[in-house]
Amino acid sequence: MSLLKSFIEVSADSHFPIQNLPFGVFKPSEQSVGRVGVAIGDFVCDLSAISDLALFEGPLLKNTKVFHEDSLNSFMGLGKPAWREARNTLQSLLSSENPTIRDNKTFRERIFHSIFTVIMLLPAKIGDYTDFYASKEHATNVGIMFRGKENALMPNWVHLPVGYHGRSSSVVVSGTNLKRPCGQSKNDADVLPFFTASKTLDFELEMGAFVGTGNDLGQPITVQNAKDHIFGLVLLNDWSARDLQKWEYVPLGPFLGKNFGTTISPWVVTLDALEPFICDAPTQDPKPLEYLQENGKNTYDINLTAALQTKNMTSPHVITTTNLKYMYWTLTQQLAHHTVNGCNMRPGDLLGTGTISGPTPDSFGSMLELSWKGEKTIPLVNGEERKFIQDGDTVVLSGQCKGNGFTVGFGTCSGTILPANK
Ligand SMILES: O=C(O)/C=C/C(=O)CC(=O)CC(=O)O
Ligand SMILES: [Ca+2]
Ligand SMILES: [Mg+2]
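As the structure is a computational prediction, the values presented were derived from the model and not from experiment.

K.L.:
Describe the layout of surface pockets, and please don't skip the residues or the numbers.
P.N.:
Taken as a whole, the largest pocket holds about 550 Å³ of empty space. Tyr133, Val162, Tyr249, Gly253 and Pro254 are the residues nearest the centre of the largest pocket, which is lined by 30 residues in total. Those elements that provide at least two residues to the lining of the largest pocket are β6 (129-132), α6 (136-147), β7 (163-165) and α8 (242-248). Of all the elements, α6 adds the most residues to the lining of the largest pocket, at 5 residues.

K.L.:
Explain helix α10 (residues 331-339) residue by residue, including any values.
P.N.:
The element α10 is extensively covered by neighbouring structure, given that 9 of its 9 residues are classed as buried. Buried within α10 are the following residues: Leu331, Thr332, Gln333, Gln334, Leu335, Ala336, His337, His338 and Thr339.

K.L.:
Explain the UniProt feature "domain: Fumarylacetoacetase N-terminal" (unreviewed entry) in the protein chain to me, using residue names and the numbers behind them.
P.N.:
In the numbering used here, UniProt assigns the feature "domain: Fumarylacetoacetase N-terminal" (unreviewed entry) to residues 19-123. Along residues 19-123 the backbone is 36% helical and 20% strand, and the end-to-end C-alpha distance reaches 20 Å.

K.L.:
Help me get a handle on the coordination of the magnesium ion (ligand 3), residues and values and all.
P.N.:
Here the magnesium ion (ligand 3) is held by Asp238 (OD) and Lys258 (O), and the distances to it run 2.0 to 2.5 Å. Remark: Lys258 occurs in the loop between α8 and β16 (262-264) and Asp238 occurs in the loop between β14 (230-237) and β15 (240-241); sequence separation between them is 20 residues. The class for Asp238 is buried, based on a relative accessible area of 0%.

K.L.:
Explain the confidence of the model for the protein chain to me, using residue names and the numbers behind them.
P.N.:
Residue-level pLDDT values for the protein chain average 97, and 100% of them are 70 or greater. Confidence estimates for the predicted assembly give a pTM of 0.98 and an ipTM of 0.91.

K.L.:
Go over the coordination of the calcium ion (ligand 2) with me, naming the residues and quoting the values.
P.N.:
For a metal bound by four donors in a tetrahedral arrangement, the ideal donor-metal-donor angle is 109.5 degrees, while six donors in an octahedral arrangement ideally sit at 90 or 180 degrees. The calcium ion (ligand 2) binds to the protein through Asp131 (OD), Glu204 (OE), Glu206 (OE) and Asp238 (OD), with metal-donor distances spanning 2.2 to 2.3 Å. Summarised as a motif, the one-chain spacing of the donors to the calcium ion (ligand 2) is D-x72-E-x1-E-x31-D. With Asp131 in strand β6 and Glu204 in the loop between β12 (201-202) and β13 (205-211), this residue pair connects regions lying 73 residues apart in the sequence.

K.L.:
Describe the side chain of Gln284, naming the residues involved and giving the relevant values.
P.N.:
Within the secondary structure, Gln284 sits in the loop between β18 (278-279) and β19 (299-300). What makes Gln284 buried here is its relative accessible area of 18%. A polar side-chain atom of Gln284 sits 2.8 Å from the main-chain carbonyl oxygen of Tyr328. A distance of 2.9 Å separates polar atoms of two side chains, one belonging to Gln284 and the other to Gln333. Excluding anything up to four places from it in sequence, Gln284 contacts Tyr328, Trp329 and Gln333.

K.L.:
Requested: an account of unusual backbone geometry, with residues and values cited.
P.N.:
For the bond running from Val250 to Pro251, omega is 0°, close enough to zero to count as cis. Assignment of secondary structure puts Pro251 in the loop between α8 and β16. Of the consecutive residues Asp285 and Pro286, the connecting peptide bond is found in the cis state with omega at 5°. Along the polypeptide, Pro286 turns up in the loop between β18 and β19. Within the chain, Leu21 stands out as a residue other than glycine whose phi angle is a positive 55°. Here Leu21 is to be found in the segment before β1 (23-27). The residue Lys373 is not glycine, and still its phi comes out positive at about 45°. Its location among the elements puts Lys373 in the loop between α11 (367-370) and β23 (378-379). Look at Lys373 and you get partly exposed, because its relative accessible area is 41%.

K.L.:
So what about the site of ligand 1? Which residues, and what values?
P.N.:
Taken together, 16 residues sit near ligand 1, with Tyr133, Arg147, Gln245, Lys258 and Thr355 positioned nearest. Side-chain polar atom of Asp131 to an oxygen atom of ligand 1: 3.2 Å apart, as the coordinates give it. Residue Asp238 places a side-chain N or O atom 3.3 Å away from an oxygen atom belonging to ligand 1. Computed on the free molecule, ligand 1 has an accessible area of 380 Å², of which 95% lies beneath the protein chains in the complex. Because more than half of its atoms lie within 2 Å of the grid, ligand 1 is assigned to the largest pocket. Counting only elements with at least two residues in the shell around ligand 1, the list comes to β6 and α6. Looking at the shell around ligand 1 element by element, the count peaks at 3 residues for α6. Of the residues in the shell around ligand 1, the class split is 6 nonpolar, 4 polar and 6 charged.

So, how was this worked out
Residues numbered from 1 in each chain as written. Chains lettered and ligands numbered in written order. Predicted model: local features only at pLDDT ≥ 70, side-chain atom pairs only at ≥ 80, totals over all residues. Heavy atoms only, no water. 1 Å grid on protein atoms, 1.4 Å probe; cavity = no way out; pocket = protein on both sides within 12 Å on 5 of 7 lines; lining within 4 Å. Points joined across faces, edges and corners; volume = space filled by probe spheres on them. Helix = DSSP H or I, 4+ residues; strand = E, 2+ residues; numbered from the N terminus. Buried < 20%, exposed > 50% of the residue type's maximum accessible area, 1.4 Å probe, protein only. UniProt positions renumbered as here; feature names shortened; annotations may be inferred. Donors = N, O, S within 2.8 Å, 3.2 Å for Na, K, Ca; no water. pLDDT = per-residue confidence, 0-100. Polar contact = N/O pair within 3.5 Å; in protein donor to acceptor, adjacent residues only side chain to side chain. Contact = heavy atoms within 4.5 Å. Near = heavy atom within 4 Å. Areas by Shrake-Rupley, 256 points an atom, 1.4 Å probe, with all protein chains shown as cover. Sits in = over half its atoms within 2 Å of the grid points. Nonpolar A, V, L, I, M, F, W, Y, C, P; charged D, E, K, R; others polar.

So, in structure tokens, the structure goes:
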């Protein structure tokens, strides 16, 4: 079968070929209103315009208004058949064979915007945000540093995907600057804590899964059905103030060390676009309880990088390379576990995978691990070095899947740290 091509010129290394078509919410200009689009090459295709031109002709999306909204929530809530209908319609409309838009200048002018000039918004109104702790390598590394080698991995860890409820109000879209947080910290040798701007500010390289269709309270989503409830994935940076976290986390877990900001990438890559990259997750030993058992391939081969750019650099320098496929607990197990007690999910809820660390030191997903809590330095390309993030530093996450002749990518997830409040 020959490779599907668009009449839109898409460079070979673009993250957004016609095989991807990630969904996002954008404004063409500061004065305009948010609406839904898909990315293709260097363009954003305006789905509200496609809808106004009556080009969504399928039974589920004909006359729809969901793409005129400034969030994906309503579209997400329509369910997988509608997501598929949109994808199929768009792949057909954008293909090099289809003259409908290709040969109509007025249509093209209404539909396409340069990806470099639009303003990207958060893709969804995030009602609830949960963050898991699902990478065995990360949990072991952090456990060793926080609790010592003997207590690194708690006994429950291999039986369930450990998680905590995060803070949705401070989830921001890529490009949003964040202030260094202040809070309590305590030196090991001291008895009393002190107030400080965080001295050990970190990133966490994660992915986020957007819940598409939810479940009623009391009605769990099974691990077998979980995939149909996930709309798609984004890159996620769970900024973490390690000094605040270390002092506050006992006994209830992360709080102010993490809820001052979480950055996500603006384009949501659907599970259908990721299907060619489906692969095996790590073998689980011991075998989990029945409600977490799944067959077949349940994760995705997604190459991930985190890069750091200081004020003195002109481009970001990659400091770690990892892959979603290293993660022990899968996205579907996370969703099944989250709802097994009857907890209800709603369209637009966000599930962070947890930091994705790989098996080798150059694949660790946080500076805490890369610098081994500050015992080592992380060298940068211009001769500078870091243990943790300094003011003015920008962290850029990126992710992509390499297909046969095309790339399905996530773009970038970036944020700059500004000085703390005085
Ligand atoms: O207390 C610990 O061992 C560590 C907790 C976290 O760092 C929470 C977290 O964000 C987990 C993750 O991203 O994997
Ligand atoms: Ca995290
Ligand atoms: Mg966070």
